[in-house]
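Observations on the model geometry
If you want the building blocks of each chain, they are given just below.
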Amino acid sequence: MAYTLPSLPYAYDALEPSIDKETMTIHHTKHHQAYVDNLNKALEGKDAPASLEDLMANISKYDKAVRNNGGGHYNHSLFWEVLSPSGGGAPTGAFADCINKCFGSFENMKAQFEEKAKTQFGSGWAWIVTNGDTCQVTSTPNQDNPLMDIAEVQGTPIFGVDVWEHAYYLKYQNKRPDYLAAIWNVVNWEEVARRWEAAKNK
Ligand code: MN3
């Protein structure tokens, strides 16, 4: 069973001006496609769990190529889905209550998230993770993620932002903070809340 590139749930220019069309096109058709292809290659002849989530949870048993490309595939698949051209605003309902309880306020959560994302040295990801009723922010290097059994902070990622330069350099150059500030305009909080609910009920 080979992994395949999921189609983007919106057009390549749909997240303009926050994320430009050229970045989205290259990011999805070249970078994400390469993680999928290289993951399939790296798993050739190996026994692997049926689900990508289970592969992440057992990643310490695999080599670096599986870790990097499996993480790359999982992370980007999540990333596309937690963004939306009709996104932005703030969470509502029980998930908003959880954010307020865990961080004090939505604004505090955003500030803590941006701090994690800005200070992730080199390439990596910033995350909101949940463990039952709680939420916290964390970051991981390279294509690691909090589902991996080697992650410093483990949990179910419900929101993540790619802070590799390929995610923002064409439009924002070296200004990672400007990219992070713009991301909030396109966050699909309904999808993030759905993932939070699903993780709670697992
Ligand atoms: Mn990327």
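The following paragraphs examine the structure supplied in this document. (Residues numbered from 1 in each chain as written. Predicted model: local features only at pLDDT ≥ 70, side-chain atom pairs only at ≥ 80, totals over all residues. Heavy atoms only, no water.)

This paragraph deals with the overall build of the chain. Within the chain, the secondary structure is distributed over eight helices and three strands. N-terminal to C-terminal, the α/β element order of the chain is α-α-α-α-α-β-β-β-α-α-α. For the C-alpha atoms alone, the extent of the chain along its principal axes is close to 50 × 40 × 30 Å. For the chain, with 202 residues in total, the buried portion stands at 49%. A separation of at least 24 residues holds for 67% of the contacts in the chain among residues at least 6 apart in sequence. Of the roughly 9,400 Å² that the chain leaves accessible, carbon and sulfur atoms contribute 48%. Considering the chain, the positive charge centre built from 18 side chains and the negative charge centre built from 25 side chains are found 2 Å apart. (Helix = DSSP H or I, 4+ residues; strand = E, 2+ residues; numbered from the N terminus. Buried < 20%, exposed > 50% of the residue type's maximum accessible area, 1.4 Å probe, protein only. Contact = heavy atoms within 4.5 Å. Areas by Shrake-Rupley, 256 points an atom, 1.4 Å probe, with all protein chains shown as cover. Lys, Arg positive; Asp, Glu negative; His and termini not counted. Charge placed at Lys NZ, Arg CZ, Asp CG, Glu CD.)

A word on the side chain of Asp162. Mapped onto the secondary structure, Asp162 falls in strand β3 (residues 156-162). Reaching out from Asp162, the side chain makes a polar contact with the backbone nitrogen of Trp164 at a distance of 2.9 Å. The contact partners of Asp162, leaving out residues within four places of it in the chain, are His27, His76, Phe79, Gly124, Trp125, Ala167 and Tyr179. (Polar contact = N/O pair within 3.5 Å; in protein donor to acceptor, adjacent residues only side chain to side chain.)

As a further point, take the packing of helix α1 (residues 21-43) against helix α3 (residues 64-81). Contact geometry of α1 with α3 gives a least axis separation of 8 Å together with a crossing angle of 140°. As judged from the angle between their axes, α1 and α3 are oblique. Between α1 and α3 lies a crossing of left-handed hand. Residues Met24, His27, His28, His32, Ala34, Tyr35, Val36, Asn38, Leu39, Ala42 and Leu43 of α1 pack against Ala65, Val66, Asn68, Asn69, Gly70, Gly72, His73, His76, Ser77, Phe79 and Trp80 of α3. Across the contact of α1 with α3, the residue classes tally to 11 nonpolar, 11 polar and no charged. (Axes fitted to C-alpha atoms, helices over the stretch in contact; angles between N-to-C directions. Parallel < 35°, antiparallel > 145°, perpendicular 65-115°, else oblique. Left-handed = near helix turned anticlockwise from the far one by under 90°. Nonpolar A, V, L, I, M, F, W, Y, C, P; charged D, E, K, R; others polar.)

Time to look at the coordination of the manganese ion. Expected angles at a metal are 109.5 degrees for tetrahedral coordination by four donors and either 90 or 180 degrees for octahedral coordination by six donors. Every protein donor of the manganese ion is listed here as His27 (NE2), His76 (NE2), Asp162 (OD) and His166 (NE2), and their distances to the metal cover 1.9 to 2.1 Å. Sequence positions of the donors to the manganese ion reduce to the motif H-x48-H-x85-D-x3-H. One end of the pair, His27, is in helix α1; the other, Asp162, is in strand β3, with 135 residues separating them in the sequence. Residues His27 and Asp162 agree in their burial class; the two are buried. (Donors = N, O, S within 2.8 Å, 3.2 Å for Na, K, Ca; no water.)

Our focus in this paragraph is helix α5 (residues 106-119). End to end, α5 covers 20 Å across 14 residues, agreeing with the expected 20 Å (1.5 Å per residue, within 8%). Along α5, the residues classified as buried are Phe106, Met109, Lys110, Phe113, Glu114 and Ala117. Along α5, the residues classed as buried sweep out an arc of 130° about the axis, all on the same side. Of the exposed residues in α5, the ones pointing more than 90 degrees away from its buried face are Glu107 and Thr119. For α5, the elements touching its buried residues are α4 (93-103), β1 (124-131), β2 (134-141), β3, α7 (176-183) and α8 (189-200). (Expected span 1.5 Å × (residues − 1). Arc of directions from axis to C-beta.)

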